[in-house]
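Reading the structure
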Amino acid sequence: MFARSRSRRLHAVVTARCAAFGLLVALALVGCGGAKAPSKAAYVKKANAICTQFNNRGAAATRGLARNPQHPTPREAQAIVRKLNPITRESVRRTRALKPPKGDGKKVKAIYDAADQGTAAYERASKSPKASLAILNTSGTPSDPYGRANRLAKAYGLTACAG
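Report follows, based on the coordinates. In this text, all values refer to a predicted model and were calculated from it rather than measured experimentally. (Residues numbered from 1 in each chain as written. Predicted model: local features only at pLDDT ≥ 70, side-chain atom pairs only at ≥ 80, totals over all residues. Heavy atoms only, no water.)

1. A word on the packing of aromatic side chains
To describe a pair of aromatic rings, one takes the distance between the centres and the angle between the planes. Going by this rule: Ring pairs shown here join Phe, Tyr and Trp side chains whose ring centres sit within 6.5 Å, with only the six-membered ring taken for Trp; geometry is labelled stacked below 30 degrees between planes, edge-to-face above 60, and tilted in between. Here, a charge over a ring means that NZ of Lys or CZ of Arg falls within 6 Å of the ring centre while also lying within 35 degrees of the ring normal.
Summed over all chains, the structure comprises one aromatic pair. When the ring centre of Tyr156 is taken as origin, the NZ or CZ atom of Lys40, which lies over that ring, is 4.2 Å away.

Encoded structure:
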C-alpha cells in the first residue's frame with residue numbers, strides 16, 4: 001500500500017477523503033431523529049452505505065480534474081483538494097451534533113477528532129498548488145493526514161468509511 005503509483009495514490013486519496021466525508025455525513029444521518037441511540041450494528045450498516053455513496057460522489061466530482069491522474073500537475077492537485085474541502089467542512093459541521101451508539105461516545109469522538117486533523121491539513125494544503133500535490137502524494141503513507149481517522153473508522157467497523 002505504501003508503494004502506490006500516482007494514479008492509485010490519487011484514487012486512494014479521493015477515496016480516503018470521500019470515505020472521511022461519508023463517515024462524517026453518515027454519522028450525522030444515523031444520529032438524527034430522536035434521543036434513542038442507534039445500535040452499533042445499525043450505525044455501522046447505515047454509515048457504510050452512505051460512505052459508499054460518498055466515495056462514488058467524490059470520485060465523480062474529481063474526475064477530469066487531472067489530465068493524467070498518474071501525474072497530476074500541482075494546479076490539478078489543488079483543484080482536486082479545493083473541490084473536496086467544502087464537502088468536508090459541511091460534513092464535520094453536521095456530524096458534531098450526532099448521538100453515537102450507547103457507550104461509544106469516546107470512540108466516535110476520536111474518529112471525529114482525527115478527521116478534523118486531516119481536514120485541517122487538507123485545507124492548509126489547498127492554499128498552494130505544490131502543497132496540494134504533496135498532500136495528495138501522502139495517501140497510504142505514514143504521513144497521510146487521514147491515516148489515523150481511517151484506522152479508527154476501520155477498527156470501529158466502518159470499512160467503507162476507511163480509505
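2. Let's talk about the pattern of salt bridges
Defined as follows: By definition, a salt bridge exists where a carboxyl oxygen of Asp or Glu is found within 4 Å of a side-chain nitrogen of Lys or Arg. In this text, helices come from DSSP runs of H or I with a minimum length of four residues, and strands from runs of E with a minimum of two, each type numbered from the N-terminal end.
If you walk through the whole model with that rule in mind, you get two salt bridges. Its salt-bridge partner being Arg67, residue Glu76 comes within 3.5 Å of it at the nearest N-O pair. Among the ionic pairs, Asp113 bridges to Lys109, the shortest N-O distance being 2.7 Å. Placement of the pair is Asp113 and Lys109 together in helix α4 (residues 105–125), with a separation of four residues, close to one helical turn.

3. Focus on helix α5 (residues 129–136)
Cut-off, in case you're wondering: The rule is simple: take the accessible area with a 1.4 Å probe, protein chains only, and divide by the maximum for that residue type; under 20% is buried, over 50% is exposed, in between is partly exposed. The arc in question is the one traced by the directions running from the helix axis out to the C-beta atoms. We define a polar contact as two N or O atoms separated by no more than 3.5 Å, with the added condition that, inside protein, one atom must be a possible hydrogen donor and the other a possible acceptor, whereas residues neighbouring each other in sequence contribute only through side-chain atom pairs.
Three or more residues of α5 are buried, namely Pro129, Ser132, Leu133, Ile135 and Leu136. Taken end-on, α5 shows its buried residues confined to a sector of 165°, consistent with a single buried face. Where α5 starts, the residue carrying a side-chain oxygen 3.3 Å from the main-chain nitrogen of Lys130 turns out to be Ser128.

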